[in-house]
Amino acid sequence: MLRSSVAFAAFAFAQTPLSVLGFDEPGAEETVVPFLDAQPKGKMLYWQDLASWITPNDQLYSVSHYGTPEVDPSRWQLEISGLVKKPKTLSLADIKARKRKTVTATLECSGNSSNPGFMGAIGNIRWTGTPLAPLLTDSHPLDRAIEVVFFGADEKVEKIRDKDYLQNFARSLSLRDAIKRDDILLAYEMNGQPLETGHGAPLRLIVPGWFGITWVKWLARIELLDRRYMSKYMAREYVTIRGEERDGKTVWRETSVGPMDVKSVVARVARRKDGAVRIGGAAWTDGTPLERVELKIDDGDWTPVQLDRKQRARYSWTFWSFDWKSPAPGEHTLVSRAIDGEGRVQPSADDPEIKLKRTYWEANQQWVRKIKI
């Protein structure tokens, strides 16, 4: 009861009005200024309506590649096999009986912001489950095991080299990454409620700091291998192609989508009673500390914004705000950029680095927003 009460209190605080977090809510003293650029479509986060640090379950996007499988929680089991000395088969009750841990982490699709209608595939959620690392350690991996593969219950026939093969959706992590962290979870709750079917019930993988494609839903099997796993969604899809200039020519490299990029967005603009305009937004990283966020209005200089220090977690987004004291009437462009503690800067669409890249399934360039005052 005590644990549940603490969790509920933390969740309730996260759901409190933005005024508690240092950001005013729309009300009698301010008017929301609508964006003129295209807005998201479908079930995802609508930035202009962002109202709490924790995203309500019904506002969280959901993406699946093989549809939603029918899984009976009472009959469901998780298999841990492959290169282990002690294979395991666990029921949901077995999983819930293990050490319980809650991690607040931002979930983002790697294609988020790849087009105007798909720029709200993100949310900040309190995930509860059991840490993965002790389960792997208890299974005693063999010395030659290097890869951990996570298989979902969702499946589809894929054509590989002109032949049809029934495939389960799967992604992998290196064994080193899977064991060294205590915040990678096998989750069965989101925001204090049982995990929903569309979000992977009864169990899903949570990898804070990595793009959502890694967070395998409807988890059914964990297998340890002695070689890299090269499925469709590791080796052929969700692959990023980047170019690097070396001695006058471009050297290209392909990598599987993994850790999140440093990123930010102008989320909401409101006209205040005194005539000033409050610009608010969010920024996030792969867990590397967020150093600062800067805002550019029209063709002006990059200006630091105020970061919210009241609600922050390593793998969660950070809210920010800026008060524009004397905005001129007319149309304006707003763009933000985030910089992390390692000096990585969110690039602009015309940045020379971006021009060298041919990026697929991963979009982290600055988002230009348009308003009229």
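Remember, it's a predicted structure, so these values are computed and weren't measured experimentally.

1. Concerning the overall build of the chain
- The number of helices and strands found in the chain is six helices and 21 strands.
- The burial tally for the chain puts 50% of its 373 residues in the buried class.
- The contacts of the chain with a sequence gap of at least 6 include a subset with a gap of at least 24, amounting to 71%.
- For the chain, the computed accessible surface area is about 18000 Å², with 49% contributed by carbon and sulfur atoms.

2. With respect to the sheet that holds strand S19 (residues 318-324)
- Read across the open sheet, the five strands follow the order S1-S14-S15-S19-S18; overall the sheet is antiparallel. With partners counted over all chains shown, the strands left at the sheet margins are strand S1 (30-32) and strand S18 (306-307), one partner each.
- Looking at chain direction, S1 and strand S14 (residues 263-272) are connected through three bridges and run antiparallel. From the neighbouring strand, Glu30 faces S14, where its bridge partner is Arg272.

3. Here we look at the nonpolar core
- If you look at the biggest cluster of nonpolar residues, it comprises 68 residues, and the most contacted ones within it are Trp47, Trp127, Ile222 and Trp317.
- Here this core gets five residues from one element, more than from any other, and that element is strand S8 (residues 185-190).
- Within the second largest apolar cluster, 20 residues are counted, among which are Val277, Phe322, Trp324 and Ile371.

4. Points about the sheet that holds strand S16 (residues 290-297)
- The strand order S17-S16-S20-S21 describes an open sheet built from four strands, whose pairing is antiparallel. The strands lining the two open edges of the sheet, one partner per strand, are strand S17 (303-304) and strand S21 (368-372).
- With seven bridges joining them, S16 and strand S20 (residues 331-340) adopt antiparallel strand pairing. If you follow Val293 over to S20, its bridge partner there is Ala338.

5. A few points about the pairing of strand S11 (residues 219-225)
- Relative to S11, strand S2 (residues 77-82) is paired through four bridges, and the arrangement is parallel. Following the sheet pairing, Gly82 is matched in S11 by Leu224.
- Where strand S6 (residues 147-160) lies against S11, six bridges are found, and the strand directions are antiparallel. Paired with Val149 across the two strands is Glu223, which belongs to S11.

6. Here's the deal with the environment of Lys88
- Its place among the elements puts Lys88 in strand S3 (residues 88-91).
- The partly exposed category is assigned to Lys88, whose relative accessible area is 22%.
- The sequence separation of Lys88 and Leu136 amounts to 48 residues, and the corresponding C-alpha distance is 9.8 Å.
- In contact with Lys88, not counting residues within four places along its chain, are Leu78, Glu79, Ile80, Leu135, Asp138 and Ser139.

7. Remarks on the pairing of strand S7 (residues 163-174)
- Bridging between S6 and S7 involves 11 bridges; their strand directions are antiparallel. Bridge pairing in S7 links Phe150 to Arg171.
- Connecting S6 to the antiparallel partner S7 that follows it, the hairpin turn spans two residues, and Arg161 within it adopts a positive phi of roughly 50 degrees.

8. Digging into the packing of aromatic side chains
- As enumerated under the stated definition, the model contains 10 aromatic pairs in all.
- Here Tyr66 and Phe169 contribute two aromatic rings whose centre-to-centre distance is 6.3 Å and whose plane-to-plane angle is 85 degrees, an arrangement assigned as edge-to-face. A residue pair is termed long-range when its members are at least 10 positions apart, and Tyr66 in the loop between S1 and S2 and Phe169 in strand S7 qualify at 103 residues. The exposure classification of Tyr66 matches that of Phe169, with both residues buried.
- An aromatic cluster is present here, built from Trp47, Trp284, Trp317, Phe319 and Trp367 joined pairwise through their rings.
- The ring of Phe151 carries the charged tip of Arg221 above its face, separated from the ring centre by 3.9 Å.
- Above the ring of Phe35, the side-chain terminus of Arg369 is found at 3.8 Å from the ring centroid.

9. Overview of the side chain of Arg126
- Among the structural elements, Arg126 can be located in strand S5 (residues 122-131).
- Here Arg126 is buried and forms no salt bridge, its nearest opposite-charge partner Glu189 lying at an N-O distance of 8.6 Å.

10. Topic: unusual backbone geometry
- In this structure, Pro202 follows Ala201 across a cis peptide bond, with omega equal to 10 degrees.
- Inspection of the secondary structure puts Pro202 in the loop between strand S9 (193-194) and strand S10 (204-206).
- For His140, which is not glycine, the phi torsion reads 55 degrees and is therefore positive.
- By the element assignment, His140 lies in the loop between helix H3 (132-138) and S6.

11. Structural notes on the confidence of the model for the chain
- For the chain, the mean per-residue pLDDT works out to 89, and 88% of the residues sit at or above 70.
- Contacts from residues 1-17, a stretch scored under 50 in pLDDT, to residues over four places away or in other chains number 16 contacts.

12. As for the environment of Asp143
- Among the structural elements, Asp143 can be located in the loop between H3 and S6.
- Classification of Asp143 by relative accessible area gives exposed; the value is 83%.
- Along the sequence, Asp143 and Asp226 sit 83 residues apart, while their C-alpha atoms lie 9.0 Å from each other.

Parameters at a glance
Residues numbered from 1 in each chain as written. Predicted model: local features only at pLDDT ≥ 70, side-chain atom pairs only at ≥ 80, totals over all residues. Heavy atoms only, no water. Helix = DSSP H or I, 4+ residues; strand = E, 2+ residues; numbered from the N terminus. Buried < 20%, exposed > 50% of the residue type's maximum accessible area, 1.4 Å probe, protein only. Contact = heavy atoms within 4.5 Å. Areas by Shrake-Rupley, 256 points an atom, 1.4 Å probe, with all protein chains shown as cover. Pairing = 2+ DSSP bridges. Core = buried A, V, L, I, M, F, W, Y, C linked by side-chain atoms within 4.5 Å. Phe/Tyr/Trp six-rings, centres within 6.5 Å; stacked < 30°, edge-to-face > 60°. Lys NZ or Arg CZ within 6 Å of the ring centre and 35° of its normal. Lys, Arg positive; Asp, Glu negative; His and termini not counted. Salt bridge = Lys/Arg side-chain N within 4 Å of Asp/Glu carboxyl O. pLDDT = per-residue confidence, 0-100.

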